[in-house]
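A look at the structure
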Amino acid sequence: MVCREDGASPFFLSGDHAGNAVPRALSSLGLPQAELDRHIGIDIGVALLGRMLSDRLDATFVWQPYSRLVIDCNRFKGQPDSIPERSDGTVVPGNLALSDVDRAARHGAIFDPYHQGFGAALDRRAHAGRPSVLVALHSFTPHHGDYPQARPWEISVLYNRDARLARPLIRHLRGEDGLTVGENEPYVVSDELDYGIPVHGEARGILSVELEIRQDTLGDAAACRLWAERLARVLPASLQEVAETETTKTRKAGA
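Below, the structure is looked at part by part. Predicted model, so just to flag it, every value in this text is computed and none were measured. (Residues numbered from 1 in each chain as written. Predicted model: local features only at pLDDT ≥ 70, side-chain atom pairs only at ≥ 80, totals over all residues. Heavy atoms only, no water.)

Focus on the side chain of Ser132
How we decide: Working definition: helices are DSSP H or I runs of at least four residues, strands are E runs of at least two. Numbering for both runs from the N terminus. Note on classification: 1.4 Å probe, protein chains only; a residue is buried when its accessible area is under 20% of the maximum for its type, exposed when over 50%, partly exposed between these limits. Any two residues having at least one pair of non-hydrogen atoms within 4.5 Å are treated as being in contact.
You can see Ser132 is positioned in the loop between helix H3 (100–127) and strand S6 (133–140). You can call Ser132 buried: its relative accessible area is 11%. The contact partners of Ser132, leaving out residues within four places of it in the chain, are Pro10, Leu122, Arg125, Ile206 and Leu207.

Here's what the structure looks like:
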(Lines give C-alpha, C1' and ligand atoms only; values in the text may rest on other atoms or scores of the structure.)
Protein backbone atom coordinates (compact mmCIF):
# COMPACT_ATOMS: atom_id res chain seq x y z
CA MET A 1 0.00 0.00 0.00
CA VAL A 2 1.24 3.49 -0.83
CA CYS A 3 0.06 6.90 0.37
CA ARG A 4 1.17 10.10 -1.38
CA GLU A 5 3.37 8.35 -3.92
CA ASP A 6 4.35 11.74 -5.36
CA GLY A 7 4.74 13.49 -2.00
CA ALA A 8 7.14 16.43 -2.20
CA SER A 9 8.86 15.83 1.14
CA PRO A 10 12.30 14.21 1.30
CA PHE A 11 10.93 12.01 4.09
CA PHE A 12 9.94 8.52 2.97
CA LEU A 13 7.93 6.62 5.57
CA SER A 14 7.57 2.86 5.84
CA GLY A 15 5.43 0.47 7.90
CA ASP A 16 6.67 -3.11 7.54
CA HIS A 17 4.21 -4.40 10.18
CA ALA A 18 1.37 -1.91 9.74
CA GLY A 19 -1.36 -4.38 8.70
CA ASN A 20 -2.84 -7.62 9.99
CA ALA A 21 -4.57 -9.07 6.94
CA VAL A 22 -4.22 -12.80 6.19
CA PRO A 23 -4.80 -14.27 2.71
CA ARG A 24 -8.09 -16.15 2.64
CA ALA A 25 -6.34 -19.35 1.58
CA LEU A 26 -4.45 -19.39 4.89
CA SER A 27 -7.67 -19.50 6.97
CA SER A 28 -6.54 -16.87 9.48
CA LEU A 29 -3.48 -19.05 10.21
CA GLY A 30 -5.77 -21.01 12.55
CA LEU A 31 -5.94 -18.04 14.94
CA PRO A 32 -8.90 -16.07 16.30
CA GLN A 33 -9.10 -12.46 15.15
CA ALA A 34 -8.21 -11.28 18.67
CA GLU A 35 -4.72 -12.74 18.26
CA LEU A 36 -4.23 -11.09 14.89
CA ASP A 37 -5.36 -7.78 16.40
CA ARG A 38 -2.76 -7.78 19.15
CA HIS A 39 0.90 -6.92 18.84
CA ILE A 40 1.99 -10.33 17.58
CA GLY A 41 -0.06 -9.74 14.45
CA ILE A 42 0.43 -6.02 13.83
CA ASP A 43 2.35 -2.93 14.91
CA ILE A 44 -0.63 -1.29 16.57
CA GLY A 45 -1.25 2.31 15.53
CA VAL A 46 1.37 2.49 12.79
CA ALA A 47 -0.98 2.52 9.77
CA LEU A 48 -2.99 5.47 11.10
CA LEU A 49 0.07 7.32 12.38
CA GLY A 50 1.82 6.82 9.05
CA ARG A 51 -1.11 8.22 7.09
CA MET A 52 -1.43 11.22 9.41
CA LEU A 53 2.28 11.95 9.29
CA SER A 54 2.29 11.48 5.52
CA ASP A 55 -0.43 14.13 5.23
CA ARG A 56 1.38 16.61 7.48
CA LEU A 57 4.76 16.24 5.79
CA ASP A 58 3.48 15.55 2.26
CA ALA A 59 5.61 12.42 2.47
CA THR A 60 5.31 9.05 0.76
CA PHE A 61 4.22 6.25 3.10
CA VAL A 62 4.75 2.64 1.98
CA TRP A 63 3.18 0.03 4.22
CA GLN A 64 2.49 -3.69 4.32
CA PRO A 65 -1.19 -4.65 4.81
CA TYR A 66 -0.44 -8.32 5.59
CA SER A 67 0.28 -9.54 9.09
CA ARG A 68 3.82 -10.13 10.27
CA LEU A 69 2.60 -13.63 11.24
CA VAL A 70 2.04 -14.46 7.56
CA ILE A 71 5.56 -13.29 6.77
CA ASP A 72 7.71 -10.71 8.52
CA CYS A 73 8.71 -8.07 6.00
CA ASN A 74 11.55 -6.83 8.21
CA ARG A 75 13.39 -10.15 8.22
CA PHE A 76 15.59 -11.83 5.65
CA LYS A 77 14.46 -15.06 4.06
CA GLY A 78 15.37 -18.04 6.20
CA GLN A 79 15.52 -16.27 9.55
CA PRO A 80 13.73 -18.30 12.25
CA ASP A 81 11.18 -15.56 12.94
CA SER A 82 10.54 -14.76 9.29
CA ILE A 83 7.46 -17.03 9.49
CA PRO A 84 7.12 -17.66 13.23
CA GLU A 85 5.64 -20.85 14.61
CA ARG A 86 5.17 -19.21 18.01
CA SER A 87 4.98 -15.53 19.04
CA ASP A 88 4.79 -14.20 22.60
CA GLY A 89 3.41 -17.49 23.89
CA THR A 90 0.91 -18.03 21.07
CA VAL A 91 1.32 -21.02 18.77
CA VAL A 92 0.53 -20.15 15.14
CA PRO A 93 -1.06 -23.34 13.71
CA GLY A 94 -0.90 -22.16 10.10
CA ASN A 95 2.86 -21.76 10.33
CA LEU A 96 3.70 -25.21 11.71
CA ALA A 97 5.74 -27.66 9.63
CA LEU A 98 5.71 -25.52 6.48
CA SER A 99 7.49 -26.90 3.46
CA ASP A 100 10.08 -24.95 1.52
CA VAL A 101 7.46 -24.57 -1.21
CA ASP A 102 5.00 -23.04 1.25
CA ARG A 103 7.61 -20.58 2.51
CA ALA A 104 8.68 -19.63 -1.00
CA ALA A 105 5.05 -19.03 -1.96
CA ARG A 106 4.62 -16.48 0.83
CA HIS A 107 7.81 -14.73 -0.14
CA GLY A 108 6.76 -14.58 -3.76
CA ALA A 109 3.23 -13.40 -3.04
CA ILE A 110 3.84 -10.89 -0.22
CA PHE A 111 7.44 -10.15 0.75
CA ASP A 112 8.93 -9.76 -2.73
CA PRO A 113 6.24 -7.45 -4.21
CA TYR A 114 6.33 -5.23 -1.11
CA HIS A 115 10.08 -4.75 -1.18
CA GLN A 116 10.28 -4.50 -4.95
CA GLY A 117 7.76 -1.66 -4.84
CA PHE A 118 9.54 -0.09 -1.87
CA GLY A 119 12.90 -0.17 -3.64
CA ALA A 120 11.51 0.95 -6.99
CA ALA A 121 9.92 4.03 -5.39
CA LEU A 122 13.25 5.03 -3.83
CA ASP A 123 15.06 4.37 -7.12
CA ARG A 124 12.64 6.58 -9.06
CA ARG A 125 13.27 9.41 -6.64
CA ALA A 126 17.02 8.98 -6.96
CA HIS A 127 16.84 8.95 -10.76
CA ALA A 128 14.79 12.16 -10.63
CA GLY A 129 17.42 13.79 -8.43
CA ARG A 130 15.11 13.85 -5.41
CA PRO A 131 16.59 13.21 -1.96
CA SER A 132 15.08 10.53 0.27
CA VAL A 133 15.23 10.17 4.04
CA LEU A 134 13.91 6.82 5.22
CA VAL A 135 11.89 6.77 8.45
CA ALA A 136 10.75 3.26 9.40
CA LEU A 137 7.72 3.35 11.72
CA HIS A 138 7.19 0.58 14.27
CA SER A 139 5.45 0.18 17.62
CA PHE A 140 6.24 -1.91 20.70
CA THR A 141 4.42 -3.23 23.75
CA PRO A 142 4.65 -1.67 27.24
CA HIS A 143 5.59 -5.15 28.51
CA HIS A 144 6.82 -8.30 26.80
CA GLY A 145 6.79 -11.88 28.00
CA ASP A 146 10.54 -12.23 27.64
CA TYR A 147 11.14 -8.88 29.39
CA PRO A 148 8.88 -8.63 32.47
CA GLN A 149 10.11 -5.18 33.50
CA ALA A 150 8.08 -2.21 32.26
CA ARG A 151 9.41 -0.45 29.20
CA PRO A 152 9.61 3.22 30.18
CA TRP A 153 10.17 4.83 26.79
CA GLU A 154 7.25 6.40 24.94
CA ILE A 155 9.47 6.48 21.86
CA SER A 156 12.87 5.14 20.94
CA VAL A 157 15.18 6.03 18.06
CA LEU A 158 16.99 3.10 16.47
CA TYR A 159 19.87 3.09 14.02
CA ASN A 160 22.57 0.79 12.72
CA ARG A 161 25.79 2.26 11.30
CA ASP A 162 24.48 5.69 10.34
CA ALA A 163 23.51 7.92 13.27
CA ARG A 164 23.53 11.24 11.37
CA LEU A 165 19.79 11.75 11.64
CA ALA A 166 19.30 9.76 14.84
CA ARG A 167 21.51 12.00 17.01
CA PRO A 168 19.69 15.31 16.44
CA LEU A 169 16.33 13.53 16.43
CA ILE A 170 17.01 12.12 19.89
CA ARG A 171 17.91 15.60 21.14
CA HIS A 172 14.77 17.16 19.69
CA LEU A 173 12.54 14.44 21.11
CA ARG A 174 14.14 14.77 24.53
CA GLY A 175 13.32 18.46 24.35
CA GLU A 176 9.60 17.63 24.15
CA ASP A 177 7.69 17.83 27.43
CA GLY A 178 6.83 14.57 29.17
CA LEU A 179 8.72 12.14 26.93
CA THR A 180 11.11 9.40 27.97
CA VAL A 181 13.17 8.78 24.86
CA GLY A 182 15.19 5.63 24.27
CA GLU A 183 18.18 5.06 22.05
CA ASN A 184 18.35 1.60 20.44
CA GLU A 185 15.73 0.33 22.92
CA PRO A 186 14.00 -2.08 23.33
CA TYR A 187 15.59 -3.40 20.13
CA VAL A 188 18.57 -2.62 17.95
CA VAL A 189 18.86 -2.47 14.17
CA SER A 190 21.39 -4.87 12.70
CA ASP A 191 22.28 -6.56 9.43
CA GLU A 192 21.43 -9.91 11.01
CA LEU A 193 18.00 -9.04 12.44
CA ASP A 194 16.55 -6.37 10.15
CA TYR A 195 15.82 -5.87 6.47
CA GLY A 196 14.35 -2.40 5.89
CA ILE A 197 17.02 -0.04 7.24
CA PRO A 198 20.07 -2.05 6.08
CA VAL A 199 18.71 -2.79 2.59
CA HIS A 200 16.63 0.26 1.68
CA GLY A 201 18.51 2.85 3.74
CA GLU A 202 22.16 2.10 4.36
CA ALA A 203 22.78 0.14 1.17
CA ARG A 204 21.59 3.19 -0.79
CA GLY A 205 23.63 5.58 1.33
CA ILE A 206 20.58 7.62 2.30
CA LEU A 207 19.76 8.98 5.73
CA SER A 208 17.67 6.48 7.65
CA VAL A 209 16.25 5.93 11.11
CA GLU A 210 13.76 3.62 12.78
CA LEU A 211 11.18 4.92 15.24
CA GLU A 212 9.66 2.58 17.84
CA ILE A 213 6.62 4.06 19.63
CA ARG A 214 4.99 2.41 22.64
CA GLN A 215 1.61 1.04 21.66
CA ASP A 216 -0.34 2.32 24.65
CA THR A 217 0.43 5.84 23.42
CA LEU A 218 -1.10 5.04 20.01
CA GLY A 219 -4.42 3.73 21.25
CA ASP A 220 -6.82 5.91 19.26
CA ALA A 221 -6.98 8.56 16.55
CA ALA A 222 -6.41 11.42 18.98
CA ALA A 223 -3.24 9.79 20.31
CA CYS A 224 -1.95 9.09 16.80
CA ARG A 225 -2.68 12.69 15.87
CA LEU A 226 -0.54 13.96 18.76
CA TRP A 227 2.35 11.80 17.61
CA ALA A 228 1.93 12.88 14.00
CA GLU A 229 1.99 16.55 15.02
CA ARG A 230 5.05 16.02 17.22
CA LEU A 231 6.98 14.09 14.58
CA ALA A 232 6.03 16.61 11.90
CA ARG A 233 7.88 19.18 14.06
CA VAL A 234 10.96 17.26 15.12
CA LEU A 235 11.78 15.38 11.92
CA PRO A 236 12.25 18.49 9.71
CA ALA A 237 14.14 20.27 12.52
CA SER A 238 16.48 17.29 12.87
CA LEU A 239 17.02 17.05 9.14
CA GLN A 240 17.87 20.76 9.06
CA GLU A 241 20.57 20.14 11.66
CA VAL A 242 22.04 17.37 9.53
CA ALA A 243 22.10 19.68 6.50
CA GLU A 244 23.81 22.44 8.46
CA THR A 245 26.41 20.02 9.82
CA GLU A 246 27.15 18.68 6.35
CA THR A 247 27.48 22.22 4.97
CA THR A 248 29.93 23.13 7.73
CA LYS A 249 32.02 20.03 7.05
CA THR A 250 32.10 20.82 3.32
CA ARG A 251 33.24 24.37 3.95
CA LYS A 252 35.99 23.26 6.32
CA ALA A 253 37.18 20.64 3.85
CA GLY A 254 37.41 23.28 1.13
CA ALA A 255 39.16 25.86 3.30
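So, next bit.
Structural notes on helix H2 (residues 46–57)
The line we're drawing: Helix span, expected: 1.5 Å multiplied by one less than the number of residues in the helix.
If you check H2, its first and last C-alpha atoms are 16 Å apart, about what twelve residues at 1.5 Å a residue would give, namely 16 Å. Turning to H2, its buried residues are Val46, Ala47, Leu49, Gly50, Met52, Leu53, Ser54 and Leu57. In this structure, the buried side of H2 is in contact with strand S1 (2–3), strand S2 (11–15), strand S3 (60–63), S6, strand S9 (208–214) and helix H6 (221–254). Among the residues trailing H2, Asp58 stands out with phi positive, at a value near 55 degrees.

Section: the packing of H2 against H6
So the rule is basically this: Each axis is a line fitted through C-alpha atoms, and for a helix only the stretch in contact is used; angles between axes span 0 to 180 degrees, taken between their N-to-C directions. By the definition adopted for this analysis, an angle is roughly parallel if under 35 degrees, roughly antiparallel if over 145, roughly perpendicular if from 65 to 115, and oblique otherwise. Two helices crossing with the near one rotated counterclockwise from the far one by less than a right angle form a left-handed crossing, whereas a clockwise rotation gives a right-handed crossing. Residues are grouped as follows: Ala, Val, Leu, Ile, Met, Phe, Trp, Tyr, Cys and Pro are nonpolar; Asp, Glu, Lys and Arg are charged; all remaining types, including Gly, are polar.
Contact geometry for H2 and H6: axes closest at 9 Å, N-to-C directions at 45 degrees. As judged from the angle between their axes, H2 and H6 are oblique. At the point where H2 passes H6, the crossing takes the right-handed sense. Residues Leu48, Leu49, Met52, Leu53, Arg56 and Leu57 of H2 pack against Ala221, Cys224, Arg225, Trp227, Ala228, Glu229, Leu231, Ala232, Leu235 and Pro236 of H6. For the contact of H2 with H6, the class distribution of residues is 13 nonpolar, no polar and three charged.

Focus: the sheet that holds strand S8 (residues 181–183)
Stated formally: Criterion used throughout: strands pair if DSSP finds at least two bridges between them.
Spatially, S1-S3-S2-S6-S9-S7-S8 is the arrangement adopted by the seven strands of the open sheet, whose pairing is mixed. Each edge of the open sheet carries a strand with a single partner, namely S1 and S8. Two strands pair when backbone bridges link them, and S2 and S6 are joined in this way by four bridges, in the parallel orientation. Bridge pairing links Phe12 to Leu134 in S6. Here helix H4 (residues 166–174) sits on the sheet and contacts strand S7 (155–158), S8 and S9; the angle it forms with S8, its principal contact strand, is near 160 degrees.

Description of the layout of surface pockets
Put simply, the rule is: Only protein atoms enter the 1 Å grid used here, on which a cavity is any set of points holding a 1.4 Å probe that cannot leave and a pocket is any open set flanked by protein within 12 Å on both sides along at least five of seven lines; residues with an atom within 4 Å of a point are listed as lining. Grid points are joined across faces, edges and corners, and a volume is the space filled by probe spheres set on the points.
In this model, the largest pocket occupies a volume close to 800 Å³. Looking at the lining of the largest pocket, the elements that each hand over two or more residues are strand S4 (86–87), S6 and S9. Take the lining of the largest pocket: its biggest share by element is three residues, from S6. Residue classes in the lining of the largest pocket are distributed as eleven nonpolar, nine polar and eleven charged.

Quick word on the state of the cysteines
Our working rule: Here, a disulfide means two cysteine sulfur atoms that sit within 2.5 Å of each other.
Applying the stated criterion across every chain yields a total of zero disulfides. Of all cysteine sulfurs, the one in Cys224 lies closest to Cys3, which takes part in no disulfide; the gap is 14 Å.

A closer look at the pattern of salt bridges
Using the following cut-off: Salt bridge, as used here: a side-chain nitrogen of Lys or Arg that lies within 4 Å of a carboxyl oxygen of Asp or Glu.
Tallied over the full model, the rule gives 17 salt bridges. Between Asp58 and Arg4 there is a salt bridge, and its shortest N-O distance comes to 3.0 Å. On the criterion of sequence distance, the pair formed by Asp58 in the loop between H2 and S3 and Arg4 in the loop between S1 and S2 is long-range, its members being 54 residues apart. Classification of Asp58 as partly exposed rests on a relative accessible area of 27%. For Arg4, a relative accessible area of 38% corresponds to the partly exposed category. Taken together, the salt bridges that share partners define one network made up of Arg4, Asp55 and Asp58.

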